[in-house]
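Spelled out, the chains give:
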Amino acid sequence: MKILVTNDDGIYSPGLAALAKIASRFGEVKIVAPDVEQSSMGHAITASRPLSYKKSPIVFEGIDAYKVNGTPADCVALGQHLWDKPDVVLSGINMGPNLGNAMWHSGTLAAAKQAVLFGMKGIALSTPAGDIEPDFELLDPFVEKALALLFKNPHLNLVNVNFPTKPTGVRWTRQSVRLYDNRIEPGLDPMGRKHYWFINIPLEPAEEGTDRWAVENGFVSITPLRLDLTNEAELVKAQLAYPIV
Ligand code: MN
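As the structure is a prediction and not an experimental result, all values here were calculated from the model.

Q: When you look at the environment of Ala77 in this model, what are you seeing that I'm missing?
A: With respect to the secondary-structure elements, Ala77 resides in helix 2 (residues 72–82). Taking C-alpha positions, Ala77 is 32 Å from Ala214, a pair spaced 137 residues apart along the chain.

If you want it as structure tokens, here you go:
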């Protein structure tokens, strides 16, 4: 199995090194990752300037690593071109969760989505990273277990996986879509000039069975996703209410 590993935190992230090390137990691994952090860039692609890549001086235990002057989606595009279509793209391990509505902004998940657009399997992996750095040694067996589970299922082609700080088990979950407080918080910089933070805070507790609930309760959250955004129920209703003849 050919495994392309990327992320949105940049090639020097410890989460990327941890993931590449674990992935190498399942097949041949190459790393193609952004040269600088691209978190919250979503599914952006670089279309107005050329892309280039350089071999990274960082040695990942014999794994070839390349850094790209672009986004996570660019890395997947360039990676599959340079490596004649890998079987799977792993993105992460992101330093920060990608749960609920955060999926819309996630560069980590965008790389997995881009893999699916190219006809490959795409798996995004994330873990909280607050004041204390994630303990990737502790997460290692849980990451390996999740990958083993997802690699053997040919129908799960797009999956979002989140690891709590100290996992106690694994749960299949759905995306939490409860109301979020997306707002602009104004403030003043040290020079007295106005500035703004775009903040995104869940307003309600997570429902049982969702990705947020799982991670809050110490479980590894595995959410199967799809790229088809069609609202099937509303499509049927619209066709009945406004038939086009
Ligand atoms: Mn990130």
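Q: Any chance you could explain the packing of aromatic side chains here in plain terms?
A: The description of two aromatic rings rests on the distance between their centres and on the angle between their planes. Summed over all chains, the structure comprises 3 aromatic pairs. For the pair Tyr53 and Tyr66, a centre-to-centre distance of 5.5 Å together with 80 degrees between the ring planes defines the contact as edge-to-face. Pair noted here: Tyr53 is in strand 3 (residues 53–55) and Tyr66 is in strand 4 (residues 64–68), with a separation of 13 residues, a long-range link. Judged by its relative accessible area of 39%, Tyr53 falls in the partly exposed class.

Q: What exactly am I supposed to notice about the layout of surface pockets here?
A: Gaps left between atoms are located by rolling a probe of water-molecule size over the structure's atoms. The computed volume of the second largest pocket comes to approximately 400 Å³. In terms of lining residues, the second largest pocket is bounded by 14 residues, among which Trp104, Gln175, Leu225, Arg226 and Leu229 are the most central. Contributing elements (two or more residues each) for the lining of the second largest pocket: helix 3 (107–117) and strand 11 (219–224).

Q: Just to check I follow, could you spell out the coordination of the manganese ion for this structure?
A: Geometry sets the ideal angles at a metal, namely 109.5 degrees for four tetrahedral donors and 90 or 180 degrees for six octahedral donors. Note on the manganese ion: its protein donors are Asp8 (OD), Asp9 (OD), Ser39 (OG) and Asn94 (OD1). The metal-donor distances range over 2.1 to 2.2 Å. When the donor residues of the manganese ion are listed from N- to C-terminus, their spacing reads D-D-x29-S-x54-N. Its relative accessible area of 14% is what places Asp9 among the buried residues.

Q: For this particular structure, what's the right way to read the pattern of salt bridges?
A: Opposite charge on two side chains permits pairing when their charged atoms draw close. Throughout the structure, instances matching the rule amount to 9 salt bridges. For Glu185, the salt bridge goes to Arg183, with nearest N and O atoms at 2.4 Å. Among the ionic pairs, Glu234 bridges to Lys237, the shortest N-O distance being 2.9 Å. In this pair, Glu234 and Lys237 both sit in helix 6 (residues 232–241), 3 residues apart, roughly one turn of the helix.

Q: Would you mind going over the nonpolar core with me for this structure?
A: Here is a general trend for soluble globular proteins: nonpolar side chains tend to be buried in one another's company. In this structure, Ile31, Leu90, Leu125 and Val161 are the most contacted members of the largest nonpolar core, which totals 33 residues. For this core, the secondary-structure elements that each account for two or more residues are strand 1 (2–6), helix 1 (14–23), strand 2 (28–34), strand 5 (88–95), strand 6 (121–127), helix 4 (136–151), strand 7 (158–162) and strand 11. Top element by residues in this core is helix 4. It accounts for 7 residues. Leave out the neighbours within four places in its chain, and Val161 touches Ile123, Ala124, Leu125, Ser126, Ala146, Leu150, Val220, Ser221 and Ile222.

Q: Looking at this model, I keep getting lost on the sheet that holds strand 2. Mind explaining?
A: Adjacent strands of a sheet pair through backbone hydrogen bonds, lying either parallel or antiparallel. On the basis of which strands lie adjacent, the open sheet formed by 9 strands has the order 3-4-2-1-5-6-7-11-8 and mixed pairing. Lying at the two open borders of the sheet, with one neighbouring strand each, are strand 3 and strand 8 (169–172). Across the sheet, the mean angle separating the axes of adjacent strands is 20 degrees when strand polarity is ignored. By the bridge criterion, 4 bridges tie strand 1 to strand 2 in an arrangement that is parallel. In the sheet register, Ile3 faces strand 2, and the bridge partner there is Val29. Across the sheet, helix 1 lies against strand 1, strand 2, strand 5 and strand 6, angled at about 140 degrees from strand 5, the strand it touches most.

Q: Can you walk me through the packing of helix 1 against helix 4 in this structure?
A: The packing of two helices is summarised by the inter-axis angle and the distance between the axes. The N-to-C vectors of helix 1 and helix 4 enclose an angle of 50 degrees; their axes lie 10 Å apart at closest approach. In terms of orientation, helix 1 lies oblique with respect to helix 4. Taken as a pair, helix 1 and helix 4 cross one another with a handedness that is right-handed. On helix 4, the residues that touch Pro14, Gly15, Ala18, Leu19, Lys21 and Ile22 of helix 1 are Phe136, Glu137, Asp140, Val143, Glu144 and Leu147. The residue makeup of the contact of helix 1 with helix 4, split by class, is 7 nonpolar, 1 polar and 4 charged.

Calculation rules
Going along each chain's sequence as written, the residues are numbered from 1 onward. Per-residue local features of the predicted model are confined to residues with pLDDT of at least 70, and side-chain atom pairs are confined, for both listing and counting, to 80 or more; whole-chain, interface and lining totals are unaffected and use all residues. With hydrogens and water stripped out, all remaining heavy atoms of the structure feed into the side-chain values. Numbered from the N terminus, helices here are DSSP runs of H or I no shorter than four residues, and strands are runs of E no shorter than two. Side-chain rings of Phe, Tyr and Trp, where Trp is taken by its six-membered ring, are said to pair if the distance between their centres is within 6.5 Å; with planes under 30 degrees apart they count as stacked, over 60 as edge-to-face, and otherwise as tilted. Note on classification: 1.4 Å probe, protein chains only; a residue is buried when its accessible area is under 20% of the maximum for its type, exposed when over 50%, partly exposed between these limits. The pocket and cavity definitions rest on a 1 Å grid over protein atoms only: a 1.4 Å probe that fits but cannot leave marks a cavity, an open set with protein on both sides within 12 Å along at least five of seven lines marks a pocket, and residues lining either have an atom within 4 Å of a point. Grid points are joined across faces, edges and corners, and a volume is the space filled by probe spheres set on the points. Only nitrogen, oxygen and sulfur atoms count as donors, using a 2.8 Å cut-off from the metal that widens to 3.2 Å for Na, K and Ca. Water is left out, so coordination shells may look unfilled. When a carboxyl oxygen of Asp or Glu lies within 4 Å of a side-chain nitrogen of Lys or Arg, that pair is called a salt bridge. As used here, the term nonpolar core means buried Ala, Val, Leu, Ile, Met, Phe, Trp, Tyr and Cys residues forming a set that is joined through side-chain atoms within 4.5 Å. Contact between two residues is taken to exist if any of their heavy atoms lie within 4.5 Å; hydrogens are not considered. By the convention used here, strands pair only if DSSP detects at least 2 bridges between them. The convention used is that axes are lines fitted to C-alpha atoms, helices contributing only their stretch in contact, and that angles between N-to-C directions extend from 0 to 180 degrees. For classification, angles of less than 35 degrees are called roughly parallel, those exceeding 145 degrees roughly antiparallel, those between 65 and 115 degrees roughly perpendicular, and all remaining angles oblique. When the near helix sits turned anticlockwise from the far one by under a right angle, the crossing is termed left-handed; a clockwise turn instead gives a right-handed crossing. Classification convention: Asp, Glu, Lys, Arg as charged; Ala, Val, Leu, Ile, Met, Phe, Trp, Tyr, Cys, Pro as nonpolar; all other residues, Gly among them, as polar.

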